[in-house]
Amino acid sequence: MKLILIDDDCLVVSALQMILAAVPEFEIAATANDGREALHLYREHRPDVLLMDIRMKEVSGLEAAAQILDEFPNAKILLLTTFSDDEYIVKALKLGAKGYLLKQDYQNIALFGVDSQDNKIKDKGSRTDCIIIASINKSTKKVKLMSIYRDTYVSIDGEYDKINAAYSYGGPELALRTINRNLDLNITDFATVNFKALADAVDVLGGIPLTINSEKELQNLNDYIGNMNHINGGNSPKFEKTGTYTFDGNQAVAYSRIRYMEGGDHARANHQRLVLAGIMNAAKKQPFKLGKLISTVLPQCKTSLSNDALTKLTLSMARCKIEDSQAYPFKSEDERYNGIYYGFPITAQTNVKKAHEYLFGTKDYKPTEELQKISAKIKVVTDYIGITE
């Protein structure tokens with residue numbers, strides 16, 4: 001059976017290709033990412049079935065289906081959609097489409113926390129202390145968080161460095177591009193916060209519960225609390241002993257910054273996810289505070305999202321549930337190279353496969369050729385310095 005796949009999300013096309021290619025009876029004749037190509041490809045290949053996304057930016061699946069069915073009335077077209085009550089489906093079925101298939105829809109947002117001692121968010125010059133991908137399943141409202149360790153060795157437009165340098169070199173645009181190229185993702189949205197915005201979010205919600213696990217962690221936390229009082233203003237008290245407490249804003253930001261403890265940057269990334277999860281859980285329990293949260297934090301953020309989209313996203317926290325929290329790379333080795341410590345993914349390909357399985361449930365993901373080349377270059381370095389798989 002000859003098939004054509006068309007979807008403006010290249011990850012969906014890639015996933016469908018992988019799934020369908022495992023069935024010997026299926027032949028993928030062509031793929032595309034735009035409805036404008038649909039009629040041309042149909043004329044050229046005359047497929048048994050055309051699988052096409054119903055909602056695409058330039059020419060929708062509905063428009064493309066109408067063009068094809070006008071010329072080929074017996075064409076077998078199946079539409080891909082996220083929701084079974086999509087109004088476009090009704091129109092497509094009336095046109096002559098044979099049916100539809102549901103697909104899960106995710107909204108992926110890169111969250112950046114910049115290390116800015118003056119609390120100014122600059123497009124360049126500030127490294128990211130925190131990088132977290134929030135993946136929201138729109139159908140189930142379940143959220144998965146995935147930190148990216150700041151010292152991870154990656155390709156930044158062909159030059160290799162720590163991933164937290166990307167924002168400093170080229171702002172959120174380069175940071176997003178670096179994430180997408182090194183993890184085979186297609187994230188377009190981001191939100192950047194400074195220390196003050198994060199502290200204010202916690203304070204609006206009345207604090208969040210966090211745990212101090214060791215004396216070393218306690219000592220470093222208290223040092224950072226003093227630093228945050230200086231940067232943000234305020235007089236948040238230090239802690240006298242380990243245990244679980246309700247942290248205020250400056251205390252929570254200090255908690256997310258601790259690095260000099262067992263686990264180093266890995267432990268810090270976990271703290272950052274705990275703070276974000278604490279904020280989301282507190283917001284969910286107190287939806288009446290969401291309005292104040294939006295008005296307090298939104299003016300302090302830099303984001304690709306419109307005010308309306310960000311407001312809707314914040315309000316949706318009341319319906320969302322954090323399903324899991326992990327960090328990338330899943331397997332890495334910290335080692336010095338040219339006098340600098342990096343976190344080397346072992347290997348980049350293997351870790352990207354695990355990332356796609358974790359975020360989207362995609363098993364046996366096949367990395368792109370570009371990612372394979374990046375992975376090979378990183379492996380040359382790890383082989384040179386003696387890191388083995």
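Up top you'll find the structure we're talking about.
Residues numbered from 1 in each chain as written. Predicted model: local features only at pLDDT ≥ 70, side-chain atom pairs only at ≥ 80, totals over all residues. Heavy atoms only, no water.

**Q** Even after reading the chapter, I still don't get the nonpolar core, so can you show me in this structure?
**A** The nonpolar side chains of soluble globular proteins are, as a tendency, buried together. In this structure, Ile208, Leu210, Leu221, Phe239, Phe247, Tyr255 and Leu293 are the most contacted members of the largest nonpolar core, which totals 48 residues. Top element by residues in this core is helix 9 (residues 264-285). It accounts for 7 residues. What Leu210 contacts, discounting residues up to four positions off in sequence, is Gly243, Thr244, Tyr245, Phe247, Ala252, Tyr255, Leu274 and Val275. (Core = buried A, V, L, I, M, F, W, Y, C linked by side-chain atoms within 4.5 Å. Buried < 20%, exposed > 50% of the residue type's maximum accessible area, 1.4 Å probe, protein only. Helix = DSSP H or I, 4+ residues; strand = E, 2+ residues; numbered from the N terminus. Contact = heavy atoms within 4.5 Å.)

**Q** Quick question: what am I supposed to make of the environment of Asp157 here?
**A** Along the chain, Asp157 turns up in the loop between strand 9 (153-156) and strand 10 (159-162). Taking the relative accessible area as the measure of exposure, Asp157 reaches 43% and is therefore partly exposed. Apart from residues lying up to four places away in sequence, Asp157 is in contact with Leu174, Arg177 and Arg181. Side-chain polar atoms of Asp157 contact the side chain of Arg177, separated by 2.8 Å. (Polar contact = N/O pair within 3.5 Å; in protein donor to acceptor, adjacent residues only side chain to side chain.)

**Q** It is not clear to me how the pairing of strand 4 (residues 77-81) should be interpreted in this structure. Could you clarify?
**A** In summary, the side chains of a regular strand alternate between the two faces of the sheet. With respect to burial, strand 4 is a largely interior element, 4 of its 5 residues being buried. With 4 bridges connecting them, strand 3 (residues 49-53) and strand 4 associate as parallel partners. Residue pairing across strands places Met52 opposite Leu79, the latter belonging to strand 4. For the crossover that starts at strand 3, traverses helix 3 (residues 61-71) and ends in the parallel strand 4, the hand is right-handed. As paired elements, strand 4 and strand 5 (residues 99-102) share 4 bridges and run parallel to each other. In the strand pairing of strand 5, Thr81 is matched with Leu102. (Pairing = 2+ DSSP bridges. Right-handed = clockwise from strand over helix to strand, strands pointing away.)

**Q** Even after reading the chapter, I still don't get a nonpolar patch on the surface, so can you show me in this structure?
**A** There is a patch of nonpolar side chains on the surface, built from Leu93, Tyr100 and Leu102 and spanning about 270 Å² of accessible area. Topologically, Tyr100 is positioned in strand 5. (Patch = residues over 30% accessible without salt bridge, like charges linked within 9 Å, V, L, I, M, F, W, Y side chains within 5 Å. Areas by Shrake-Rupley, 256 points an atom, 1.4 Å probe, with all protein chains shown as cover. Salt bridge = Lys/Arg side-chain N within 4 Å of Asp/Glu carboxyl O.)

**Q** Just to check I follow, could you spell out the sheet that holds strand 11 (residues 189-193) for this structure?
**A** Two pairing modes exist for strands in a sheet, parallel and antiparallel, and in both the strands are linked by backbone hydrogen bonds. In spatial order, the strands read 14-11-6-7-8-15; together these 6 strands make up an open sheet with mixed pairing. Of all the strands in the sheet, the pair left with one neighbour each is strand 14 (302-303) and strand 15 (321-328). Alignment of strand 8 (residues 142-148) against strand 15, held across 7 bridges, turns out to be parallel. By the bridge assignment for strand 15, Lys144 is matched with Asp324. Against the sheet, helix 5 (residues 165-183) makes contact with strand 6 (106-114), strand 7 (128-137), strand 8, strand 11, strand 14 and strand 15, and its axis sits at roughly 140° relative to strand 6, the strand it touches most. Here helix 12 (residues 348-360) sits on the sheet in contact with strand 6, strand 7, strand 8 and strand 15, set at roughly 175° to strand 15. (Axes fitted to C-alpha atoms, helices over the stretch in contact; angles between N-to-C directions.)

**Q** It is not clear to me how the pattern of salt bridges should be interpreted in this structure. Could you clarify?
**A** Here the idea is simple: oppositely charged side chains can pair when their charged atoms come close. Scanning the entire structure with this criterion turns up 14 salt bridges. Between Arg268 and Asp265 there is a salt bridge, with the nearest N and O atoms lying 3.4 Å from each other. Of this pair, Arg268 and Asp265 both sit in helix 9, separated by 3 residues, roughly a single helical turn. Its relative accessible area of 4% is what places Arg268 among the buried residues. Exposure remark for Asp265: the relative accessible area of 10% places this residue in the buried category. Several salt bridges converge on common partners, so that one network encompasses Asp129, Arg150, Asp151, Lys162, Arg257, Arg259, Asp265 and Arg268.

**Q** Would you take a moment to explain the environment of Ile322 for this structure?
**A** Within the fold, Ile322 resides in strand 15. Residue classification places Ile322 among the partly exposed positions, given a relative accessible area of 21%. For the pair Ile322 and Ala277, spaced 45 residues apart in the sequence, the C-alpha separation amounts to 7.2 Å. Each residue touching Ile322, except ones within four places of it in the same chain, is listed here: Val143, Leu145, Ala277 and Met280.

**Q** Quick question: what am I supposed to make of the environment of Ser306 here?
**A** As for its position among the elements, Ser306 is in the loop between strand 14 and helix 11 (307-316). Looking at Ser306, the relative accessible area reads 40%, which means it is partly exposed. Looking at Ser306, its side chain comes within polar contact range of the main-chain nitrogen of Ala309, at 3.0 Å.

**Q** Could you clarify how one ought to interpret unusual backbone geometry in this entry?
**A** Excluding glycine, a negative phi dihedral is what most residues carry, and trans is how most peptide bonds are arranged. Each neighbour pair has its own omega, and for Tyr328 with Pro329 the value is 0°, a cis peptide bond. Along the chain, Pro329 turns up in the loop between strand 15 and strand 16 (332-337). The linkage connecting Ile346 with the following residue, Thr347, adopts the cis geometry, with an omega of -25°. By secondary structure assignment, the location of Thr347 is in the loop between strand 17 (340-345) and helix 12. The phi dihedral of Asn338 falls on the positive side, at around 55°, and the residue is not glycine. With respect to the element layout, Asn338 can be found in the loop between strand 16 and strand 17. For Asn338, a relative accessible area of 66% translates into the label exposed.

**Q** Got a minute to help me understand helix 3 in this structure?
**A** An α-helix turns once every 3.6 residues. As a result, residues three or four positions apart point the same way. For helix 3, the complete set of buried residues consists of Gly61, Leu62, Ala64, Ala65, Ile68 and Leu69. What you see down the axis of helix 3 is that its buried residues fit within an arc of 160°, all on one side. (Arc of directions from axis to C-beta.)

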